[in-house]
Amino acid sequence: METVLEVRGARHDYGATKALDGVDLDVGAGECVALLGPNGAGKTTLVNQIVGLLPHHGESVRVGGGDPRIAATRRQLGVVQQSLGFPTTLKVSELVTGAAVRAGKPRSAAGPVMAELDLTDLAGRRAVKLSGGQKQRLQLAMALVGDPRLLVLDEPTAGLDVPARKRFWQILAERRERGVGVLLTTHLIEESSAVADRVVVLDRGRVVAQGTPDELVARLPDRTVIARTGLALEQLQALPGVVSLRTDGDHVHLGTRTPEALLRVLLVQDPGLTGLRVEGAGLEEAVAGLIERGAA
Ligand SMILES: Nc1ncnc2c1ncn2[C@@H]1O[C@H](COP(=O)(O)OP(=O)(O)OP(=O)(O)O)[C@@H](O)[C@H]1O
Ligand SMILES: [Mg+2]
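Residues numbered from 1 in each chain as written. Chains lettered and ligands numbered in written order. Predicted model: local features only at pLDDT ≥ 70, side-chain atom pairs only at ≥ 80, totals over all residues.

## Things to note about the overall build of the protein chain
Reasoning step 1: Within the protein chain, the regular secondary structure consists of eleven helices and 13 strands.
Reasoning step 2: Split into buried and exposed, the 296 residues of the protein chain put 39% on the buried side.
Reasoning step 3: The long-range fraction of contacts in the protein chain, counting pairs at least 24 apart against all pairs at least 6 apart in sequence, stands at 66%. (Helix = DSSP H or I, 4+ residues; strand = E, 2+ residues; numbered from the N terminus. Buried ≥ 20, exposed ≤ 12 C-beta atoms within 10 Å, placed from the backbone. Contact = placed C-beta atoms within 7 Å.)

See below:
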């Protein structure tokens, strides 16, 4: 697989803060890599180095073999930034057309991409007047119109409603089939598991774990199924996929990695069950769990 993004030993300091502390990362053609990490992990800093908005050192970042500080290299990139201010006077169609021209494409490339992103009816609207989700779609249109080899998307689904999110994943899948590499950042383990070929977990500027979604999920701390139940402790212990069991007042806490399978049997065995909750491991806990288990 051809490599479209290569990051080697990326570093960045903001004063005393080591935002990036030696990060390695590759994205191949057609591959989707999710960069997962809690707030402040360094995701946006890395994205900004990749897209040429922050300086990087030496040859630590290569896009299609080139340096993203050079305009010709940046033409291979489509970018969705985490926070982007649009110029106050420009309309949706002007921004998408401008992005096409900057990428060396004809102005006519804008129409089909706006249609794809459901922006045609908003073409004459000033970008600053759009809703959050509409702005995300506009950014994506501007990223796609240049036919990039690499899409770099910083929390691209933030603010998208469910249909827009679905459409967004469809569009990415189509681009990937044509060999476009994707790097996206997210806080959501579920999201990264669903879409990425590989997940890279970043924490305090370092890669603390990486692997396929399945590999990572298998190492995540357990979910907890919580309920009030009449079942005896031995019966609970024998349920499928229970890896830990404790009581808290009149509730039991069942640790598992397969809550659905567990719940199916639990609800049959105790039809009188009440107070049911399933708590997922949050990202902070998951990252802590991954580090604890020596995954770094
Ligand atoms: N312009 C800046 N000046 C000083 N420190 C900064 C600046 N931008 C980011 N930082 C710091 O660098 C670290 C990494 O920030 P970064 O924005 O890359 O994190 P992130 O993983 O994108 O977080 P989030 O999930 O909140 O978007 C944080 O400690 C942050 O406070
Ligand atoms: Mg960020």
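## Quick look at unusual backbone geometry
Reasoning step 1: Here Asp147, not a glycine, exhibits a phi torsion of approximately 55°, which is positive.
Reasoning step 2: Turning to its location among the elements, Asp147 is positioned in the loop between helix 5 (132-144) and strand 6 (150-154).
Reasoning step 3: On the basis of neighbour count, Asp147 is assigned to the partly exposed category, with 17 C-beta atoms found within 10 Å.
Reasoning step 4: Its identity is not glycine, yet Arg204 carries a phi of approximately 45°, on the positive side.
Reasoning step 5: Checked against the element boundaries, Arg204 lands in the loop between strand 8 (198-203) and strand 9 (206-211).

## Describing the sheet that holds strand 1 (residues 3-14)
Reasoning step 1: Taking strand neighbours across the sheet as the criterion, the three strands line up as 2-1-4 in an open arrangement whose pairing is antiparallel. In this open sheet, the two edge strands, each paired with only one partner strand, are strand 2 (17-28) and strand 4 (61-63). Taking each pair of neighbouring strands and ignoring which way they run, the sheet shows an average axis angle of 15°.
Reasoning step 2: Where strand 1 meets strand 2, nine bridges bridge the pair, whose relative direction is antiparallel. Of the residues in strand 2, the one forming a bridge with His12 is Leu20.
Reasoning step 3: Lying on the sheet, helix 1 (residues 43-50) is in contact with strand 1, strand 2 and strand 4; it crosses strand 1 at an angle near 120°. (Pairing = 2+ DSSP bridges. Axes fitted to C-alpha atoms, helices over the stretch in contact; angles between N-to-C directions.)

## A word on helix 1
An α-helix turns once per 3.6 residues; consequently, residues spaced three or four apart project the same way.
Reasoning step 1: Burial of helix 1 is extensive: seven of the eight residues sit out of reach of the surface.
Reasoning step 2: When helix 1 is considered as a whole, its buried residues turn out to be Lys43, Thr45, Leu46, Val47, Asn48, Gln49 and Ile50.

## Quick notes on the site of ligand 1
Reasoning step 1: All residues adjacent to ligand 1 are Tyr14, Thr17, Ala19, Gly37, Asn39, Gly40, Ala41, Gly42, Lys43, Thr44, Thr45 and Gln82.
Reasoning step 2: A per-element tally of the shell around ligand 1 places helix 1 first, with three residues.
Reasoning step 3: A class-by-class count of the residues in the shell around ligand 1 yields three nonpolar, eight polar and one charged. (Near = placed C-beta within 6 Å. Nonpolar A, V, L, I, M, F, W, Y, C, P; charged D, E, K, R; others polar.)

## So, the environment of Val27
Reasoning step 1: Take Val27: it is sitting in strand 2.
Reasoning step 2: Apart from residues lying up to four places away in sequence, Val27 is in contact with Val4, Leu5, Val33, Leu150, Gly181 and Leu183.

## Details of the sheet that holds strand 8
Reasoning step 1: The strand order across the open sheet built from six strands is 5-6-7-3-8-9, with neighbouring strands paired in mixed fashion. Each having just a single partner strand, strand 5 (77-80) and strand 9 make up the two edges of the open sheet. The sheet shows a mean angle of 15° between the axes of neighbouring strands, taken without regard to direction.
Reasoning step 2: With five bridges connecting them, strand 8 and strand 9 associate as antiparallel partners. Note on strand 9: the bridge partner recorded for Val200 is Gln210.
Reasoning step 3: Its contacts with the sheet place helix 1 against strand 3 (32-36), strand 6, strand 7 (181-186) and strand 8, and it is angled at close to 150° to strand 6.
Reasoning step 4: Docked against the sheet, helix 5 engages strand 5 and strand 6, running at close to 175° with respect to strand 5.

## Concerning the packing of helix 3 (residues 92-102) against helix 5
Reasoning step 1: Contact geometry for helix 3 and helix 5: axes closest at 8 Å, N-to-C directions at 25°. Considering the angle they form, helix 3 stands roughly parallel to helix 5. Considering the relative orientation of helix 3 and helix 5, their crossing is right-handed. Between helix 3, through Val92, Leu95, Val96 and Ala99, and helix 5, the contact on the second element is made entirely by Leu138, Ala141 and Met142.
Reasoning step 2: Per-class residue counts for the contact of helix 3 with helix 5 are seven nonpolar, no polar and no charged. (Parallel < 35°, antiparallel > 145°, perpendicular 65-115°, else oblique. Left-handed = near helix turned anticlockwise from the far one by under 90°.)

## Structural notes on the nonpolar core
Reasoning step 1: Ranked by internal contacts, the top residues of the largest apolar core, which has 64 residues, are Leu35, Val96, Ala141, Val145 and Val152.
Reasoning step 2: Residues within four places of Val145 in sequence aside, it is in contact with Val96, Ala99, Ala100, Ala103, Lys105, Ala109, Ala110 and Val113.
Reasoning step 3: Counting residues in each nonpolar core, the second largest holds nine residues, with Val225, Val252, Leu254 and Leu262 among its members. (Core = buried A, V, L, I, M, F, W, Y, C linked by C-beta atoms within 7 Å.)

## Considering the pairing of strand 12 (residues 251-256)
Reasoning step 1: Residues Val252, Leu254 and Thr256 line the buried face of strand 12, whereas the alternating positions His251, His253 and Gly255 sit on a face that is not buried.
Reasoning step 2: Relative to strand 12, strand 10 (residues 223-228) is paired through five bridges, and the arrangement is antiparallel. Residue pairing in the sheet places Ile226 in a bridge with His253 of strand 12.
Reasoning step 3: Summarising the sheet, strand 11 (residues 242-248) and strand 12 pair through six bridges and their orientation is antiparallel. Paired with Ser244 across the strands is Gly255, a residue of strand 12.
Reasoning step 4: Remark: two residues form the turn of the hairpin made by strand 11 and strand 12, two consecutive strands paired antiparallel; Gly249 in that turn has positive phi of roughly 60°.

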